[in-house]
Amino acid sequence: MQATTLLHGIGLRQPHYREFRALRPALGFVEVHSENFFNPHDAAAQVLAAVREDYAVSLHGVGLALGSACGLDNEHVQQLADLVARIDPVRVSDHACFARAPWGQRGIAHASDLLPIAFTRASLDILCANVGRVQEHLKRPLLVENLSAYLDFSAREFSEPQFFAELVRRSGCGLLLDINNLYVNALNAAAPDPLQAVCAWIDELARLAPAGLVGEIHLAGFSAQQGLIIDDHSRPVSEHVWQAYAHALGHFDAVPTLIEWDEHLPTLSVLLGEAARAAALCAARRGTSTEAAA
Amino acid sequence: MSAPGIAAETERQRRLLAAIFAPQADAAACGEVCQDGARRQAGLAAYRGNGLAHACNALRMQFPTVLAMLGTQAFDALCARYWRACPPRRGDLAWVGEELPAYLATVEDLAQWPWLPDSARLDWAAWQTSRAAPPRISAADLQRLTEADPADLTLQFSACVGHLDSAWPIVTIHQAHQQADADWAAVRQAIAAGTGQTACIWRPLGDPSAAVQIEALEAATSRWVAALARGANIASALDAAGAAFDFAAWLRQAITQGWLDGVVVLPAE
């Protein structure tokens, strides 16, 4: 099942475990949330170990809080390192967010969410230092994902693509490009042409950043809730996000691509159908690249 | 890194986090953000809702008995109060319920159900046991048990088993909430009688997916495990347990179920 030519993957979630293991679909990798597998002794750990025998695993974290100015949780970093040692994942990623901050006598509070960071020089310094620490501990590069943000800090010394290009240059990490997050941000910013805004973001990144910086792409769906577009991974990938994906492939070539679906999980076949569409776009891109090279 | 820059980012992040955990949504408290008016309120509400929803989902898994006792609506309201009073310290939600039992003891409007904190302790012990490392007992430990004086030895429990003393019939309450046809009159009677129980919580050896077992210990076994938990030697613990305690039967079960990490020689006094 570990076909190195396949670049598309799905997020493996608990309701699909049994069917997935019975079906053994052809995929390049599966993605799991790192924190759900920190404990090496529970039933989930057994499932992941069995899946790992057949598939490459991409570990995607939601709790490192890499942009936190108060620093990282050493125990969390160690647990991630232990998981990486057990699973030998194909990629390790987390988000360009903060979640931890000082909290009076309790010491620290963790928001259990992905909170926005300011695109300032100080914030970049913090993120680079924290990413560097994790990479040093894991002895491997991280991929860092751009956020869907529901609030943006006014303080800003970089555009978001500039910020990520600097992060990659200074820390040696890669970028996990979440195209749905870009689209959600464009919708919430009431961009006149959200697809165009996303493509412009991708163009700016491609212009600024070194080749090969995008190590993985995420595609997902979203929902409208109480006046906002929420990146809840609850729907099929939207047509505009598919178009932006094709645009990104034009810049970054065929890149490992994940279909994320976390809420209102569909049947496994629906999820695999979305992954197959990503695979077809990657294959088309590869064909185009080969023709150009010839 | 410039110290003033780091301090400014720390304060910026602290303010947003405080606005997220505040009892009332106050969009002005988020700090300097680009959005204003209703859009700012919606953004703050999204963050307040996301973090709480993640915590609630985890707490429902970690406290099934408390959830069954309170019902979904009241449990979710309790989660919201707890989440704001005791914000998580870790990014791993497996630990989000760590302080809930102690918090429940401080909630005045739950005082009419005084067994609730102990029921929550039982749920938390079961959650922890479901994630416990396997036992480390070796053949050398068992050999020691046959060769040394019981007055020189003690037993170390593994993380696969836990014991919880309560002044309330917490096992009876727990079991009633697992059954569709529970005998609620018997539960009420046990509560009214103030019948305390010691719960034994364990995970069947070798199968992490097996359900955690919970049973009430009879008095002699309860005295035995309490003595061992205090660090007593085996001979003293047997004295505390009394003649009714069947050591051979208990040891057989302890070994087959993985309740022991070791047989330890106590330092000479």
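Cut-offs and rules
- Residues numbered from 1 in each chain as written.
- Chains lettered and ligands numbered in written order.
- Predicted model: local features only at pLDDT ≥ 70, side-chain atom pairs only at ≥ 80, totals over all residues.
- Heavy atoms only, no water.
- Buried < 20%, exposed > 50% of the residue type's maximum accessible area, 1.4 Å probe, protein only.
- Helix = DSSP H or I, 4+ residues; strand = E, 2+ residues; numbered from the N terminus.
- Pairing = 2+ DSSP bridges.
- Right-handed = clockwise from strand over helix to strand, strands pointing away.
- Polar contact = N/O pair within 3.5 Å; in protein donor to acceptor, adjacent residues only side chain to side chain.
- Axes fitted to C-alpha atoms, helices over the stretch in contact; angles between N-to-C directions.
- Contact = heavy atoms within 4.5 Å.
- Buried area = accessible area lost by both parts, 1.4 Å probe.
- Salt bridge = Lys/Arg side-chain N within 4 Å of Asp/Glu carboxyl O.
- Nonpolar A, V, L, I, M, F, W, Y, C, P; charged D, E, K, R; others polar.
- Arc of directions from axis to C-beta.
- Lys, Arg positive; Asp, Glu negative; His and termini not counted.
- pLDDT = per-residue confidence, 0-100.
- Parallel < 35°, antiparallel > 145°, perpendicular 65-115°, else oblique.
- Left-handed = near helix turned anticlockwise from the far one by under 90°.
- Disulfide = S-S within 2.5 Å.
- Core = buried A, V, L, I, M, F, W, Y, C linked by side-chain atoms within 4.5 Å.
- Domains from an automatic or database assignment.

**Q** Just to check I follow, could you spell out the pairing of strand β4 (residues 91–95) of chain A for this structure?
**A** Two faces make up the sheet, and in a regular strand the side chains alternate between them. Residues and elements named next belong to chain A. Within β4, five of the five residues are buried, which leaves it mostly tucked inside the rest of the structure. Along β4, one buried face is formed by Arg91, Ser93 and His95 and the opposite face, lined by Val92 and Asp94, is buried too. Examined bridge by bridge, strand β3 (residues 57–60) and β4 share three bridges and lie parallel to one another. By the bridge assignment for β4, Ser58 is matched with Arg91. Note on the crossover from β3 through helix α3 (residues 74–87) to β4: the handedness is right-handed. Pairing between β4 and strand β7 (residues 143–145): three bridges, direction parallel. Directly across from Asp94, in β7, lies its bridge partner Val144.

**Q** Explain helix α6 (residues 179–188) of chain A to me, please; I cannot follow it from the model alone.
**A** The α-helix advances 3.6 residues per turn, and as a result positions three or four apart in sequence lie on the same side. All names here are of chain A. Where burial is concerned, most of α6 is hidden: nine out of the 10 residues are buried. Those residues of α6 that fall on the buried side of the exposure criterion are Ile179, Asn180, Asn181, Leu182, Tyr183, Val184, Asn185, Ala186 and Asn188. The distance from a side-chain oxygen at the start of α6 to the backbone nitrogen of Asn180 is 3.0 Å, and the residue carrying that oxygen is Asp178.

**Q** Can you walk me through the sheet that holds strand β12 (residues 257–259) of chain A in this structure?
**A** Strand pairing in a sheet relies on backbone hydrogen bonds. The paired strands run either parallel or antiparallel. Around the barrel, which closes on itself, the eight strands sit in the order β1-β2-β3-β4-β7-β8-β9-β12 (chain A) with parallel pairing between neighbours. Each strand axis lies, on average, 25° off the axis of its neighbour in the sheet, ignoring direction.

**Q** Can you walk me through the interface of chain B and chain A in this structure?
**A** By a frequent convention, interface size equals the accessible area lost on bringing the separate parts together. Contacts between chain B and chain A engage 48 residues on the former and 51 residues on the latter. Both faces considered, chain B and chain A share a buried interface measuring about 4,200 Å² in area, 59% of it formed by carbon and sulfur atoms. Counting across the interface, chain B meets chain A through three salt bridges. The residue Arg131 of chain B makes a salt bridge to Asp42 of chain A at a minimum N-O spacing of 3.9 Å. On inspection of chain B and its partner chain A, the count reaches 19 residue pairs in polar contact (both at pLDDT 80 or more). Elements supplying a minimum of two residues to the side of chain B that touches chain A: α1 (3–21), α2 (37–62) and α4 (72–85) of chain B. Sort the elements by how many residues they give to the side of chain B that touches chain A and α1 of chain B lands first, with 12 residues. Residue composition of the side of chain B that touches chain A, by class: 24 nonpolar, 12 polar and 12 charged.

**Q** What's the story with helix α12 (residues 247–257) of chain B in this structure? I'm lost.
**A** All names here are of chain B. Considered for burial, the residues of α12 that qualify are Trp250, Leu251 and Ala254. Considered in projection along α12, the buried side chains sweep an arc of 100° and stay on one side of the axis. Opposite the buried face of α12, at more than 90 degrees from it, the exposed residues are Arg252 and Thr256. Looking at the buried side of α12, the elements it contacts are α7 (139–147), β1 (153–157), α10 (219–229) and β5 (260–265).

**Q** Looking at this structure, how should I read the sheet that holds strand β4 (residues 213–217) of chain B?
**A** Residues and elements named next belong to chain B. Strand order in the open sheet formed by three strands is β2-β3-β4, with antiparallel pairing between adjacent strands. The outermost strands of the open sheet, each flanked by one partner alone, are β2 (161–166) and β4. The sheet shows a mean angle of 25° between the axes of neighbouring strands, taken without regard to direction. Here strand β3 (residues 197–202) pairs with β4 via five bridges, running antiparallel. For Cys200, the partnering residue across the bridge sits in β4 and is Glu215.

**Q** Before we go on, may I ask you to explain the side chain of Glu9 of chain B in this structure?
**A** By the secondary structure assignment, Glu9 of chain B is in helix α1. For Glu9 of chain B, a relative accessible area of 2% corresponds to the buried category. A distance of 3.0 Å separates polar atoms of two side chains, one belonging to Glu9 of chain B and the other to Arg12 of chain B. Contact partners of Glu9 of chain B, with chain neighbours within four places excluded, come to Ala69, Ala118, Thr120, Ala122, Ser123 and Ile126 of chain A.

**Q** For this particular structure, what's the right way to read the environment of Arg81 of chain B?
**A** Residue and element names in this part refer to chain B. With respect to the element layout, Arg81 can be found in helix α4. Taking the C-alpha atoms as reference, Arg81 lies 31 Å from Val161; in sequence the two are 80 residues apart. Dropping the residues within four chain positions of it, Arg81 is found in contact with Tyr103, Val107 and Asp109. Side chain to side chain, Arg81 and Asp109 meet in a polar contact 3.1 Å long.

**Q** Which parts of the structure should I look at to understand the side chain of Asp92 of chain B?
**A** Summarising the element assignment, Asp92 of chain B is placed in the loop between α4 and α5 (100–104). It is Arg131 of chain B that comes nearest to the buried, bridge-free Asp92 of chain B among opposite-charge side chains, at 4.5 Å. Not counting residues up to four positions away in its chain, the partners in contact with Asp92 of chain B are Glu35, Phe38, His76 and Gln79 of chain A.

**Q** Would you explain the confidence of the model for chain B in this entry?
**A** Caution is warranted with low-pLDDT regions, since their predicted coordinates should not be read in detail. Here chain B averages 94 in pLDDT, and 100% of its residues register 70 or above. At the level of chain-chain contacts, confidence expressed as ipTM amounts to 0.93, with global pTM at 0.92.

**Q** What is the right way to look at the packing of α6 of chain A against helix α7 (residues 194–208) of chain A in this model?
**A** Packed helices, taken two at a time, are described by their axes: the angle between them and the distance between them. Residue and element names in this part refer to chain A. Relative orientation of the contacting elements α6 and α7 amounts to 130°, with a least axis distance of 9 Å. Here α6 is positioned oblique relative to α7, judged by the angle of their axes. Seen from above, α6 lies across α7 with right-handed handedness. Between α6, through Ile179, Leu182, Tyr183, Ala186 and Leu187, and α7, the contact on the second element is made entirely by Pro194, Leu195, Ala197, Val198, Trp201 and Ile202. Residues that form the contact of α6 with α7 fall into these classes: 11 nonpolar, no polar and no charged.

**Q** Is there a simple way to explain the state of the cysteines in this structure?
**A** Between two cysteines, a covalent bond joining their sulfur atoms is known as a disulfide. All names here are of chain B. Inspection of the entire model under this criterion finds zero disulfides over all chains. Of all cysteine sulfurs, the one in Cys56 lies closest to Cys79, which takes part in no disulfide; the gap is 3.6 Å. Looking at Cys79, the relative accessible area reads 2%, which means it is buried. In this structure Cys86 is a free cysteine whose sulfur lies 12 Å from that of Cys79, the closest cysteine sulfur available.

**Q** Please explain the nonpolar core as it appears in this structure.
**A** Nonpolar side chains tend to gather and get buried jointly when the protein is soluble and globular. Counting residues in hydrophobic clusters, the biggest one holds 131 residues, and the most contacted among them are Ile179, Ile217 and Leu219 of chain A. Here this core takes nine residues from α2 of chain B, the largest share from any one element. If you count residues domain by domain, this core takes at least three from each of domain 1 (1–112) and domain 2 (114–269) of chain B. Those residues in contact with Ile217 of chain A, other than ones at most four positions away along the chain, are Leu177, Ile179, Tyr245, Ala248, Leu249, Val255, Pro256, Thr257 and Leu258 of chain A. With 23 residues, the next largest nonpolar core counts Ile234, Ala237, Ala254 and Val263 of chain B among its residues.

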